Amino acid sequence: MKHLKPIAKYLSVIAVISFFAAPMYWVFICSFKPTPELLSLKPTFVPHSFTLEHYRRLFKQVDFLRYYYNSFLVASSTALITALAATFAAYSVYRCRYPGRRFMFRLFLVSYIFPKILVLIPLYILFARLGILDSPLALVAAHVTLTAPFSVWILRAFFESVPREVEEAALVDGATRIQIIFRIFIPLAAPGVAAVGINAFLMSWSEYLFASTLVISDQFKTLPVGMAYFLQQYAIEWGIMMAGSVLIALPPIIGFAIAGKYFIQGLTAGSIK
Amino acid sequence: MKTLRRKITEDPFLGLLLVAPLLIWVLITLIYPLLYASQLGFYNVRYVGVPARFIGVSNYSRILGDPDFWKACLRSLIWTVCNVAFQVLGSLLVALVLNQQFRGRTIIRNWIILPWVLPTVVLAIMWTWILDPTHGVVNYLLKSGGLVPSPLRFLSSSQWVMPTVIFINVWRWTPYFAIIVLAALQTIPKELMEAALVDGASTLRRFWHITLPTIKPVLSVVTLISFLWSINIFDTIWLLTRGGPLDFTTTLPIYIYKRAFQDFRFSEAAAMSVIMFLFLLGFAVAYLRTLFREGAEG
């Protein structure tokens, strides 16, 4: 009975990992299989041969680079604006005292509840009237709404971990409040700001509903919209779709490798308190 | 020192200045849409630019008499309840497994969230491929294991589509919540567990009397977040099924979207989204009230 315990432990861990990793492994290897092997009725669990043919065809048949560029532009703008706006707002909500401060915090929290679809219809009409419908600007504006209020919440744990004494010491030395924020506070809370930026990038990179309605012309389309179109075709080009999936998933995975640790810190600290 | 602290914290002008950008943004892109959608519900707007006509509550009465609206609500209910139940139980299970001592657990704990990091369109392509009736690996495994006589059409048959889409969404969100539950599990004092072990408490008793009470507040928060995010999900369902086949996965957000952007009934769609928002707001407030009351008593 005693030596069975470690076995059960490792079996359970392996089961959990496989459950979440197997589908991703499958798409990854399928993107390198030549078409006959890919579509074979007896799938191979370890690929027999290797090809980059799907990646070549992806760039030839789909305007992939343009979509990639558009997505990158929208997602990085969203991340930048979110990080700035949320950092300022979080500093204000957690470190300043003024009437209406609690109300602010609650307002940001309520944004959790807003159905995206509720926001979409009025924004669509508003942007149409302002003449910015069908532009990356409209998309960035909408995406910041999805990411920034939530970010204030993630930042809470990071901001509270910066000791007040550090700020007070700087004030004694004659630094201004703005200097304190930029020179002392933001560097100390940097992991939190990074986590917020990465989270905004991920959300924006992945977002489909706003991206498919607020942007109409092909030249501004983002990756999810561009690829979803091919998912709706009668005969799906599976090789191309696999290669596209790997390339779309790549930037979020790289971003997560860089700052994922901080994101998880922010996520867990925020929820447990 | 006290006056200095006051000097730091009590600078209302700076505080308001710093919060202003996000506040204005939220007012324009959340509060204005909410007010505008509420107003839109009392008008008849068919096309953007055409003057709206005031029609009172007739949008609302039409919605409440629309059987498709109620069907969408029912589907949303099934979708949300299943998602919350499986995400919360699944994340608890995954967290308990990953809370054990094993080699490489720091790496695994950080990377287990990967399904959530995947963009939704990749999620949709991935599962459409894996579950494909002809080329999909799942049907191949089921058939070679002799479990099914003919391939299952997971995403295109009426009886399979809802469970399948729920499964896919649970697969994606379980690791996300597992990370949070895992962090809560680590707050359980080691001495407490050891003492229980010395007293000869069984694994089940330890779980029931120590683990569960400690992580209960976090589980409540996870349940609320899971509920609010599940009910609002649009992208995943739309990219996998477009609400089909035959409306079988048309939950409320999908139905509202179709009303607005396929039937061009903007007013009706806006009215429905306001109803949905009010329901969610009421639910969240009631939930948090009970939570705090319980916390105060216990």
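Our structure is the block above this text.
Quantities reported herein were computed from a predicted structural model and do not represent experimental measurements. (Residues numbered from 1 in each chain as written. Chains lettered and ligands numbered in written order. Predicted model: local features only at pLDDT ≥ 70, side-chain atom pairs only at ≥ 80, totals over all residues. Heavy atoms only, no water.)

Quick look at the packing of aromatic side chains
Residue and element names in this part refer to chain A.
Reasoning step 1: Enumeration over the complete set of coordinates arrives at 53 aromatic pairs over all chains.
Reasoning step 2: The interplanar angle of 45 degrees and the centroid separation of 5.5 Å between the aromatic rings of W26 and F45 together place this pair among those described as tilted. Placement of W26 in helix 1 (residues 4-30) and of F45 in the loop between helix 2 (35-38) and helix 3 (53-61) is noted, with a sequence separation of 19 residues between them.
Reasoning step 3: Judged by its relative accessible area of 39%, F45 is partly exposed. (Phe/Tyr/Trp six-rings, centres within 6.5 Å; stacked < 30°, edge-to-face > 60°. Helix = DSSP H or I, 4+ residues; strand = E, 2+ residues; numbered from the N terminus. Buried < 20%, exposed > 50% of the residue type's maximum accessible area, 1.4 Å probe, protein only.)

Things to note about unusual backbone geometry
Residues and elements named next belong to chain B.
Reasoning step 1: A positive phi angle is found at L246, which is not glycine, with a value near 50 degrees.
Reasoning step 2: For L246, the location among the structural elements is in the loop between helix 12 (235-241) and helix 13 (252-261).
Reasoning step 3: L246 sits in the exposed class, given a relative accessible area of 77%.
Reasoning step 4: Here the phi dihedral of D247 falls at roughly 65 degrees; this positive angle occurs in a residue that is not glycine.
Reasoning step 5: Positionally, D247 belongs in the loop between helix 12 and helix 13.

Some words on the interface of chain B and chain A
Reasoning step 1: Listed as interface residues are 100 residues of chain B and, on the opposing side, 101 residues of chain A.
Reasoning step 2: Summed over both partners, the interface of chain B with chain A buries about 9,200 Å², with 81% contributed by carbon and sulfur atoms.
Reasoning step 3: Counting every contact that joins chain B to chain A gives one salt bridge.
Reasoning step 4: At the junction of chain B and chain A, the tally comes to 15 residue pairs in polar contact (both at pLDDT 80 or more).
Reasoning step 5: By residue number, the principal contributor to the side of chain B that touches chain A is helix 2 (residues 12-40) of chain B, which donates 20 residues.
Reasoning step 6: Here the residues of the side of chain B that touches chain A are counted per class, giving 76 nonpolar, 14 polar and 10 charged. (Contact = heavy atoms within 4.5 Å. Buried area = accessible area lost by both parts, 1.4 Å probe. Salt bridge = Lys/Arg side-chain N within 4 Å of Asp/Glu carboxyl O. Polar contact = N/O pair within 3.5 Å; in protein donor to acceptor, adjacent residues only side chain to side chain. Nonpolar A, V, L, I, M, F, W, Y, C, P; charged D, E, K, R; others polar.)

Notes on the side chain of N199(A)
Reasoning step 1: Within the secondary structure layout, N199(A) lies in helix 10 (residues 190-206).
Reasoning step 2: Classification of N199(A) by relative accessible area gives buried; the value is 1%.

So, the nonpolar core
Reasoning step 1: If you look at the biggest cluster of nonpolar residues, it comprises 198 residues, and the most contacted ones within it are F108(A), I121(A), F159(A), F263(A), I113(B), W127(B) and Y176(B).
Reasoning step 2: With residues near it in sequence (within four places) discarded, F108(A) still touches A89(A), V93(A), P149(A), V152(A), V19(B), L22(B), L23(B) and V26(B). (Core = buried A, V, L, I, M, F, W, Y, C linked by side-chain atoms within 4.5 Å.)

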